[in-house]
Amino acid sequence: MATSINQPPTRSTAPPVTVHRVLTGQKALVTGANSGIGQAVAIALGEAGADVVVNYIDGDASAEAVVEKIRKFGAKAYAHKADVSSEDEVAAMFARMMQQFGTIDILVNNAGLQRDSAFQDMTLANWNKVLNVNLTGQFLCAREAVLEFLRRGVVPSISSAAGKIICMSSVHQEIPWGGHANYATSKGGIRLLMESMAQEVAPKRIRVNAIAPGAIRTPINTSAWETRPAYERLMTLVPYGRIGEPDDIARAAVWLASDHSDYVVGTTLFVDGGMTLYPGFATGG
Ligand code: BGC
C-alpha cells in the first residue's frame, strides 16, 4: 500500500513485522515500562518469548495493562513500582526478580524524563532530577544486572552471552539541545557510561549497547507532534519524513537483546529517521 511521506500526526506508520520467539526462556527487566518507548519494548520482549518485569514509578493501571498484554503471549510478567534513582529501591527490585524469575538475562535501561527550561532559569532540583533518573538510574540498574551476569555466567541453552544491557539514550547524546541542558547532559553521560561498561565487561561475555531514538510519538514530546504545524516543524528535522513509533524502537531492542546481534558490543544504534544527518545541510552550508 502506498503511503504519503507526510502522514497525519495520529496515524501509525511503523510497518507491521512478524516477531519470532528469539528470546524464549530469557528474563528481562524494562525500566519505565508503563508508557511510551518502555511499554512498547516490554511488550515486544514478551512477544519474542521473554518473561518481563515491568518497572514503573507512576500509574499502577497502565503498568498492569502492560503485564496483561505480555501474559497473552504466554510469557510471565509482573509490575514492580520502584524509583530507579534510589539505590535501595533498585536493590529491592532486583532481589524480587531473583526470587520470582531466578535470574536476569536482559536489562533495558529505559526510564527517563525531561524537565525543560531556559538555562538561566534551570533550578538545581530540575538539574538533579534529570541526572538522577536518566543517568544514575541507569548506573544503579546496570550494576545490579552485571553482578548477576557475573555470578551466573553464560548458559548456552539460553544465550551466547552472559547478559545483555540496552541503554536507552537519545539523538541528544550527539545533538546539543538548547532549553534542555540537563537532558542532553544526561544522554551524553549515558553514551560514555555505556561504552565504558561495554569495554569493561565484554571479556565476561556481557554485551552492553545503546539505542538512540530520535523523535518518537510518546507522551514525553507531545507538543512536538500533536498539532499539524508542530508536526510539520518537526519534519524539517527528520529526513525520512515521518515521526518514529514506539514499535520502531521496540524492534531494535529485541534485536539487540537477541543472539542475532551477538557480535554487537558497545554500539549506539540510532533509530531516528536520519535526524543525526544534519538535515539543514541538505540544501545549505
Ligand atoms: C526527546 C524528545 C525529542 C527527541 C528528538 C528525545 O530524546 O525525549 O522530546 O522529541 O529526542 O529531539
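One can find the structure itself at the top, above this paragraph.
Residues numbered from 1 in each chain as written. Predicted model: local features only at pLDDT ≥ 70, side-chain atom pairs only at ≥ 80, totals over all residues. Heavy atoms only, no water.

**Student:** If you had to explain the environment of Glu148 to someone new, which residues and values would you point to?
**Tutor:** Along the chain, Glu148 falls in helix H4 (residues 124-152). Taking C-alpha positions, Glu148 is 24 Å from Ile70, a pair spaced 78 residues apart along the chain. Not counting chain neighbours up to four residues away, the residues in contact with Glu148 comprise Met98, Gly102, Thr103 and Ile104. At a separation of 2.6 Å, a polar atom in the side chain of Glu148 contacts the side chain of Thr103. At 2.7 Å, the side chain of Glu148 and the side chain of Arg151 are in polar contact. (Helix = DSSP H or I, 4+ residues; strand = E, 2+ residues; numbered from the N terminus. Contact = heavy atoms within 4.5 Å. Polar contact = N/O pair within 3.5 Å; in protein donor to acceptor, adjacent residues only side chain to side chain.)

**Student:** How would you sum up the pattern of salt bridges? Please name residues and give values.
**Tutor:** A full pass over the atoms with the stated rule returns eleven salt bridges. Measuring nitrogen to oxygen at the nearest pair gives 2.8 Å for the salt bridge that ties Asp51 to Lys27. With Asp51 in strand S2 (residues 51-56) and Lys27 in strand S1 (residues 27-30), this pair connects stretches of sequence that are 24 residues apart. Given a relative accessible area of 9%, Asp51 falls into the buried group. Close ionic contact of Arg151 with Glu148 constitutes a salt bridge, the shortest N to O distance being 2.7 Å. Residue Arg151 and its partner Glu148 are located together in helix H4, separated by three residues, close to a single helical turn. Judged by its relative accessible area of 8%, Glu148 is buried. Residues joined by salt bridges that share partners form a network here, namely Glu174, Arg191 and Glu195. (Salt bridge = Lys/Arg side-chain N within 4 Å of Asp/Glu carboxyl O. Buried < 20%, exposed > 50% of the residue type's maximum accessible area, 1.4 Å probe, protein only.)

**Student:** Which residues make up the packing of aromatic side chains, and what values go with them?
**Tutor:** Applying the stated criterion across every chain, the model contains three aromatic pairs. For the pair Tyr78 and Phe101, a centre-to-centre distance of 5.4 Å together with 65° between the ring planes defines the contact as edge-to-face. Of this pair, Tyr78 sits in strand S3 (residues 77-81) while Phe101 sits in helix H3 (residues 87-101), and the two are 23 residues apart along the sequence. With respect to burial, Tyr78 and Phe101 carry one shared label: buried. On the basis of an interplanar angle of 85° and a centroid distance of 6.3 Å, the ring pair of Tyr278 and Phe281 is categorised as edge-to-face. The pair Tyr278 / Phe281 is uniform in exposure class, with both members exposed. Taking NZ or CZ as reference, Arg217 lies 5.6 Å from the ring centre of Trp225, over its face. (Phe/Tyr/Trp six-rings, centres within 6.5 Å; stacked < 30°, edge-to-face > 60°. Lys NZ or Arg CZ within 6 Å of the ring centre and 35° of its normal.)

**Student:** So, the site of the ligand: which residues are in play, and what are the values?
**Tutor:** Lining the immediate surroundings of the ligand are Gln114, Ser170, His172, Trp177, Tyr183, Gly214, Ala215, Ile220, Asn221 and Met275. A distance of 2.6 Å is found between an oxygen atom of the ligand and a side-chain nitrogen or oxygen belonging to Gln114. The side chain of Asn221 places a nitrogen or oxygen atom 3.3 Å from an oxygen atom of the ligand. Relative to its unbound accessible area of 310 Å², the ligand is 90% covered by the protein chains. Classifying every residue of the shell around the ligand gives five nonpolar, five polar and no charged. (Near = heavy atom within 4 Å. Areas by Shrake-Rupley, 256 points an atom, 1.4 Å probe, with all protein chains shown as cover. Nonpolar A, V, L, I, M, F, W, Y, C, P; charged D, E, K, R; others polar.)

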